[in-house]
Amino acid sequence: MIDYERMPVHVGIIMDGNGRWAKQHNVPRLVGHNAGMEAMKEIVRRASDLGIKYLTVYAFSTENWKRSEEEVSGIFKLLVKFVRLDLDELNEKNVKVMTLGDYSVIPDAARKSLEKTLETTRDNTGLQFNIALNYGSRDEITKAVNAIVKDVQEGKIDGEITEELISRYLFTGDACGNIPDPDVIIRTSGEERLSNFLLWQSAYSEFVFTDVLWPDFSPEVFEQTIEEYQKRDRRFGGRK
Ligand code: FPP
């Protein structure tokens, strides 16, 4: 049973295994991504219903551009579909959509739909749903360092560079409401690595890995991963 007193505030998810799911079902990879998008919608609903404050999903990494042009454009078409069909429901549920990463380079149609969604849900106060798009943590840290150097040179920063200051310059910082670090990061499909997702922010996160492929990641499995997280004893480097 989920303990509502100990809900994670911020949940990060590496949605992995759409391709293997497609292979298992003998269908094209994009059919797997479509099933993955449906799973993602269900998880957004459930996260909102559970009262989780922040949900961050790894939707497209800086490395995913290496995939075939057909697969890349297909993934962005799915993003448009998600945004178009679900804007009303997102609003009804008071969900605020934000992005992590430089999305200015994604295809025009996807960028425009996304911008509309960001704008329309801007004042919502429920679940904050962060979509990491063209996101990579090393890119994020590199951009932060460059921005800090520039602000030092321009005299906007004086004094010491602290951890708090670095955090503010990350995509999860000022640009995204300075969201708290993830309490738990979930990765599906049996892979057990971070793949350049929230490297700085996950310093004290719990990791929950499941063999379930992303399209099969149901709200029930989501709740099980939260229960697994709740069994962990978080000490943040201190002692009891
Ligand atoms: C990982 O599976 C999944 C992705 C790289 C894309 C994730 C996309 C979605 C869940 C749907 C689209 C939603 C948005 C918001 C763009 P994989 O292809 O790496 O699977 P594999 O490792 O089994 O090949």
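See the structure shown above.
These remarks concern the structure in this document. (Residues numbered from 1 in each chain as written. Predicted model: local features only at pLDDT ≥ 70, side-chain atom pairs only at ≥ 80, totals over all residues. Heavy atoms only, no water.)

1. A few points about unusual backbone geometry
Among all residues except glycine, the phi angle is most often negative; among peptide bonds, the trans geometry is most common. With a phi angle near 50°, Ser195 is a residue other than glycine that sits in the positive phi range. As for its position among the elements, Ser195 is in the loop between strand E5 (184-187) and strand E6 (206-209). Residue classification places Ser195 among the partly exposed positions, given a relative accessible area of 30%. Positioned with a positive phi, Leu198 is a non-glycine residue whose angle comes to about 45°. Judged by its relative accessible area of 0%, Leu198 is buried. (Helix = DSSP H or I, 4+ residues; strand = E, 2+ residues; numbered from the N terminus. Buried < 20%, exposed > 50% of the residue type's maximum accessible area, 1.4 Å probe, protein only.)

2. Notes on the site of the ligand
Surrounding the ligand, one finds 17 residues, the nearest of these being Met15, Gly19, Arg20, Arg29 and Arg67. Within the backbone of Asn18, one N or O atom sits 3.2 Å away from an oxygen atom of the ligand. Isolated, the ligand exposes 620 Å² of accessible area, and the fraction of that covered by the protein chains is 92%. Residue assignment for the shell around the ligand shows that the elements contributing at least two residues are helix H1 (18-24), helix H2 (29-50) and helix H3 (69-92). (Near = heavy atom within 4 Å. Polar contact = N/O pair within 3.5 Å; in protein donor to acceptor, adjacent residues only side chain to side chain. Areas by Shrake-Rupley, 256 points an atom, 1.4 Å probe, with all protein chains shown as cover.)

3. Some thoughts on the packing of H3 against helix H4 (residues 108-120)
The contact between H3 and H4 brings their axes to 9 Å, and the two run at 20°. By the angle between their directions, the pair H3 and H4 is classed as roughly parallel. The interaxial crossing formed by H3 with H4 has left-handed handedness. Here Phe76, Leu79, Val80, Val83, Arg84, Leu87, Leu90 and Asn91 of H3 come into contact with H4, specifically with Ala109, Ala110, Ser113, Leu114, Lys116, Thr117 and Thr120. (Axes fitted to C-alpha atoms, helices over the stretch in contact; angles between N-to-C directions. Parallel < 35°, antiparallel > 145°, perpendicular 65-115°, else oblique. Left-handed = near helix turned anticlockwise from the far one by under 90°. Contact = heavy atoms within 4.5 Å.)

4. A look at the pattern of salt bridges
Tallied over the entire structure, the rule returns 25 salt bridges. Here Glu191 ties to Arg20 by a salt bridge, and the two come within 3.2 Å at their closest N and O atoms. With Glu191 in the loop between E5 and E6 and Arg20 in helix H1, this pair connects stretches of sequence that are 171 residues apart. The class of Glu191 is partly exposed, set by a relative accessible area of 22%. Residues Glu228 and Arg232 are paired through a salt bridge, measuring 3.1 Å at the closest nitrogen-oxygen approach. Judged by relative accessible area, which is 29%, Glu228 ranks as partly exposed. (Salt bridge = Lys/Arg side-chain N within 4 Å of Asp/Glu carboxyl O.)

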